[in-house]
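A structural walkthrough
Chain by chain, the residues:
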Amino acid sequence: MPIMKDLMRVIRWVGALLVLLAAIIAIAWAFGAVWFDAPFGAGNRIAAALLATTFIVVLLFVRSFWRKLGIFVVLFAGVLISWLTLSPTNDSDWQPDVAQKAWADIQGDEVTLHNVRNCDYWTETDYTPHWETRTVRISQITGIDLAVDYWGSPWIAHPIASFQFADAPPLCFSIETRKKLGQTYSTIGGLYRQFELIYIVADERDVIRVRTNYRKEDIYLYRTTISPAHARERFLEYIHSLNALRNKPRWYNAITTNCTTSIRTQHPPKERLP
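Residues numbered from 1 in each chain as written. Predicted model: local features only at pLDDT ≥ 70, side-chain atom pairs only at ≥ 80, totals over all residues. Heavy atoms only, no water.

1. A few points about the overall build of the protein chain
Scanning the protein chain from N- to C-terminus turns up seven helices and 10 strands. Against the globule reference of 19 Å for 274 residues, the protein chain gives a C-alpha radius of gyration of 24 Å, more extended than a compact globule. Going through the 274 residues of the protein chain one by one, you find that 39% of them count as buried. Here the protein chain has roughly 15900 Å² of accessible surface; of this, 63% comes from carbon and sulfur atoms. In the protein chain, 29 side chains carry a positive charge and 25 a negative one; their mean positions are 13 Å apart. (Helix = DSSP H or I, 4+ residues; strand = E, 2+ residues; numbered from the N terminus. Rg over C-alpha atoms; globule rule 2.2 N^0.38 Å. Buried < 20%, exposed > 50% of the residue type's maximum accessible area, 1.4 Å probe, protein only. Areas by Shrake-Rupley, 256 points an atom, 1.4 Å probe, with all protein chains shown as cover. Lys, Arg positive; Asp, Glu negative; His and termini not counted. Charge placed at Lys NZ, Arg CZ, Asp CG, Glu CD.)

Following this line, the structure appears as structure tokens:
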């Protein structure tokens, strides 16, 4: 049965390639987890390099497949379990533009929002933070404008929802990374547990103008055709989400918990579009 032998040989090779691919992905992820999130400070890079070297030595020099697999699983599980124990926090040395977390108090038709950001900017990094309290009425919401900010790659954009009121200035909601002092955004770091998630509630002149006038980013503003009734439902979704985040902090993740996926996940599950 030469054909069957050849087929089995192909299956074994394909299986071996899949196992090798899974091992490479696991090594890459574990390397990043130690590099970004291990508690050794400047020693994280050394620890990550040692871990990657250990993985490679196991793959190349441990002879028995099952022994190789067992050592590999133990190493990976140790990194994963340690990483999963990391907890987000509301208490840290935050950058001034994310130093305060917004929250809202709902009393019937009135919503009082605390820590609404309205900074005075001179440059992107030179500004005076202002945190305001604003009261709006849900019944006066007339619609939503959507600002789409392109800050780097044309394949990556940041949405900002701006709620319009008949009797008050617009209020913007921008879902972002809450960076500590000295931190800068990293797309790869955003795949790990580098940043907490924050809902910024801001004046349009703050959250949009800082991007157009000072960061020199491209923003496209769209007036949506959403009805006032649906706009009010979307507004309450944001309010409930930012209050929940104030009580229970969450990690930002560049793929699963970002500025766009968070908008979708705060929507009722049965009404979410694919």
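Now, onward.
2. Focus on the nonpolar core
Nonpolar side chains tend toward joint burial in soluble globular proteins. If you look at the biggest cluster of nonpolar residues, it comprises 27 residues, and the most contacted ones within it are V111, L113, F163, F173, V201, F235 and I239. At the level of elements, strand 2 (110-117), strand 6 (141-150), strand 7 (158-165), strand 8 (171-178), strand 9 (196-202) and helix 6 (228-247) are the ones that each hand at least two residues to this core. With six residues, helix 6 is the single largest residue contributor to this core. With near-sequence residues (within four places) excluded, V111 lies in contact with A104, D105, I106, R134, T135, V136, I138, F235 and I239. Counting 14 residues, the second largest nonpolar core, distinct from the first, contains I27, A38, V79 and W83. (Core = buried A, V, L, I, M, F, W, Y, C linked by side-chain atoms within 4.5 Å. Contact = heavy atoms within 4.5 Å.)

3. Here's the deal with the packing of helix 2 (residues 44-61) against helix 3 (residues 65-84)
Packing of helix 2 against helix 3 leaves a shortest axis separation of 9 Å and a crossing angle of 165 degrees. Classified by the interaxial angle, the pair formed by helix 2 and helix 3 is roughly antiparallel. Between helix 2 and helix 3 the crossing geometry is left-handed. Across the interface between the two elements, L51, T54, F55, V58, L59 and L60 from helix 2 touch K68, I71, F72, L75, F76 and V79 from helix 3. (Axes fitted to C-alpha atoms, helices over the stretch in contact; angles between N-to-C directions. Parallel < 35°, antiparallel > 145°, perpendicular 65-115°, else oblique. Left-handed = near helix turned anticlockwise from the far one by under 90°.)

4. Here's the deal with the pattern of salt bridges
Side chains that carry opposite charge are capable of pairing whenever their charged atoms lie near each other. Counting across every chain of the model gives 11 salt bridges. In this structure, the salt-bridge partner of R134 is E132, at a minimum N-O distance of 2.9 Å. A relative accessible area of 15% means that R134 is categorised as buried. Since its relative accessible area comes to 26%, E132 is described here as partly exposed. Notably, a salt bridge pairs E233 with R234, separated by 3.4 Å at the nearest N-O pair. Judged by relative accessible area, E233 falls into the partly exposed class, the value being 38%. When its relative accessible area of 16% is taken as the criterion, R234 is described as buried. Salt bridges sharing common partners tie together E132, R134 and D203. (Salt bridge = Lys/Arg side-chain N within 4 Å of Asp/Glu carboxyl O.)

5. Notes on the packing of aromatic side chains
Per the stated rule, a full pass over the model turns up 21 aromatic pairs. Between the NZ or CZ atom of R193 and the centre of the ring of W83, over which it lies, the distance is 4.2 Å. The ring of W103 is capped by R246, whose NZ or CZ atom sits 4.3 Å from the centre of that ring. (Phe/Tyr/Trp six-rings, centres within 6.5 Å; stacked < 30°, edge-to-face > 60°. Lys NZ or Arg CZ within 6 Å of the ring centre and 35° of its normal.)

Remember that the coordinates give geometry; whether it matters functionally is a separate question.
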